[in-house]
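Letter by letter, the chains look like this.
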There are 2 protein chains.
Amino acid sequence: MPSAEAMIAAVHAYVDGFEKGDLEGLVALFAPDASVEDPVGTPIKRGTEAIREFYTFSVTSGAKLELTGPVRCAGDSAAFPFHVKMAFGDQKSIIEVIDVFRFNEDGRIADMRAFWGPGNMKPG
Amino acid sequence: MPSAEAMIAAVHAYVDGFEKGDLEGLVALFAPDASVEDPVGTPIKRGTEAIREFYTFSVTSGAKLELTGPVRCAGDSAAFPFHVKMAFGDQKSIIEVIDVFRFNEDGRIADMRAFWGPGNMKPG
């Protein structure tokens, strides 16, 4: 099980991946057989190719993440609140999200679940 | 699946249960066969009796909850960030927590997982 420090570092690397637009850096945080459920309740994306495809749009659209509170580490998992900040021309918007990452023994993300819904999308 | 409004109302009822010290009100939010994992990684408490026993200490110790951000509703689940505020004599402390509630068809909590660790315990 990774340490709390390692899980917090992975969360910051995730935020930084968006900041830098570094798609491959983001994908490398995930285990090869990882699953992504974003938002929770929608079909699960599984494996490196599906995860790369999923993040390509977010990264190329220039979405940035901003942590809005501390990372909570418990067992093999980390949960954290953040805003996704997007701009389409002059139109700015945010989505209020909580992500939960579960890590494998190697410190890579084994599954990611993102909690957000229509009520969390707001003008930025 | 309960509506987002119903899930948000349940979260507020949970916070209010602590505010009022209403143990039975808290227990009634959970399905009879619900499970509670608090914090994540520790043994799961299952069923009404185990859940009542679990919350008895928190409620009688006077712990209060304060939401620190919006509830995120996704599918059958709600995630929310909050502080647990406690006082032992002059000693005040907070724990930064993220809870995830999954609801059943009746709008009761089917399982609850609380994410927090030693790094989230601070002077209040």
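Residues numbered from 1 in each chain as written. Chains lettered and ligands numbered in written order. Predicted model: local features only at pLDDT ≥ 70, side-chain atom pairs only at ≥ 80, totals over all residues. Heavy atoms only, no water.

## Observations regarding the interface of chain B and chain A
In this assembly, 24 residues from chain B lie in contact with 24 residues from chain A. Across the interface of chain B and chain A, roughly 1600 Å² is buried in total on both sides, 65% from carbon and sulfur atoms. Per-residue buried area on chain B facing chain A is highest for R72, I98 and F115 of chain B; these three make up 38% of the total on that side. On the surface where chain B and chain A come into contact, there are zero salt bridges. Here chain B and chain A share eight residue pairs in polar contact (both at pLDDT 80 or more) between them. Those elements that place two or more of their residues in the side of chain B that touches chain A are β4 (72-74), β5 (77-88), β6 (91-103) and β7 (109-115) of chain B. Tallied by class, the residues present in the side of chain B that touches chain A amount to 16 nonpolar, six polar and two charged. (Contact = heavy atoms within 4.5 Å. Buried area = accessible area lost by both parts, 1.4 Å probe. Salt bridge = Lys/Arg side-chain N within 4 Å of Asp/Glu carboxyl O. Polar contact = N/O pair within 3.5 Å; in protein donor to acceptor, adjacent residues only side chain to side chain. Helix = DSSP H or I, 4+ residues; strand = E, 2+ residues; numbered from the N terminus. Nonpolar A, V, L, I, M, F, W, Y, C, P; charged D, E, K, R; others polar.)

## Focus: the pairing of strand β1 (residues 30-37) of chain A
Residues and elements named next belong to chain A. With six of its eight residues buried, β1 lies for the most part within the structure. Across four bridges, β1 lies against strand β7 (residues 109-115) in parallel orientation. Bridge pairing in β7 places V36 opposite M112. Of the pairings in the sheet, the one linking β1 to strand β2 (residues 45-46) comprises two bridges and is antiparallel in character. Within β2, the residue paired with S35 across the bridge is R46. (Buried < 20%, exposed > 50% of the residue type's maximum accessible area, 1.4 Å probe, protein only. Pairing = 2+ DSSP bridges.)

## Let's talk about the relation of the copies chain B and chain A
Each of the two chain copies can be brought onto the other by rotation about an axis and movement along it. For the pair chain B and chain A, the superposition axis carries a translation of 0.0 Å, the fit reaches an RMSD of 0.0 Å, and the rotation angle comes to 180°. Within this description, the copies of the chain are treated as partners about a two-fold rotation axis. When C-alpha positions in chain B are compared against the rotation axis, the closest is assigned to P81 of chain B, at 3.6 Å. Comparing interface residues between copies, 100% of those in chain B also lie at the interface in chain A; the contact surface is shared. (Least-squares fit on C-alpha atoms with pLDDT ≥ 70 in both.)

## Observations concerning the pattern of salt bridges
Enumeration over the complete set of coordinates arrives at 12 salt bridges over all chains. Within the structure, one salt-bridge network assembled from shared partners comprises E24, E49 and R52 of chain A.

## A look at the pairing of β7 of chain A
Residue and element names in this part refer to chain A. Counting buried residues along β7, six of its seven residues qualify, which places the element largely inside the surrounding structure. With six bridges joining them, strand β6 (residues 91-103) and β7 adopt antiparallel strand pairing. Bridging across to β7, R102 finds its partner in D111. Counted along the chain from β6 to the antiparallel partner β7, the turn is five residues long, and its residue G107 has a positive phi close to 80°.

## Side note on the confidence of the model for chain A
Looking at chain A as a whole, the pLDDT averages 96, with 100% of positions reaching at least 70. Prediction confidence for the complex, expressed as pTM and ipTM, is 0.97 and 0.96 respectively. (pLDDT = per-residue confidence, 0-100.)

## Side note on helix α3 (residues 48-60) of chain A
Residue and element names in this part refer to chain A. Between the first and last C-alpha of α3 there are 18 Å, a value that for 13 residues agrees with the 18 Å anticipated at 1.5 Å per step. Along α3, the residues that are buried comprise I51, Y55, S58 and V59. Those residues of α3 that are buried lie in contact with α1 (4-20), α2 (23-27), β1 and β7. Following α3 by one or two positions, G62 has its phi on the positive side, about 80°. (Expected span 1.5 Å × (residues − 1).)

## Some thoughts on the packing of aromatic side chains
Residue and element names in this part refer to chain A. Per the counting criterion, the structure on display carries 18 aromatic pairs over all chains. Considering the side-chain rings of F30 and Y55, the 5.6 Å spacing of their centres and the 40° angle between planes classify their relative orientation as tilted. Residue F30 is found in strand β1, and its partner Y55 is found in helix α3; the two are separated by 25 residues along the sequence. Assigned by exposure class, F30 and Y55 land together as buried. Every member of this aromatic cluster is reached through a ring pair, and the members are Y14, F18, F30, F54, Y55, F80, F82, F101 and F103. (Phe/Tyr/Trp six-rings, centres within 6.5 Å; stacked < 30°, edge-to-face > 60°.)

## Some points on the environment of E19 of chain A
Relative to the helices and strands, E19 of chain A resides in helix α1. Taking the C-alpha atoms as reference, E19 of chain A lies 27 Å from M1 of chain A; in sequence the two are 18 residues apart.

## Topic: unusual backbone geometry
Excluding glycine, residues mostly have negative phi values, and the peptide bonds linking residues are mostly trans. Looking along the chain, the bond that leaves D38 of chain A and enters P39 of chain A is cis, with omega of -5°. Assignment of secondary structure puts P39 of chain A in the loop between β1 and β2.

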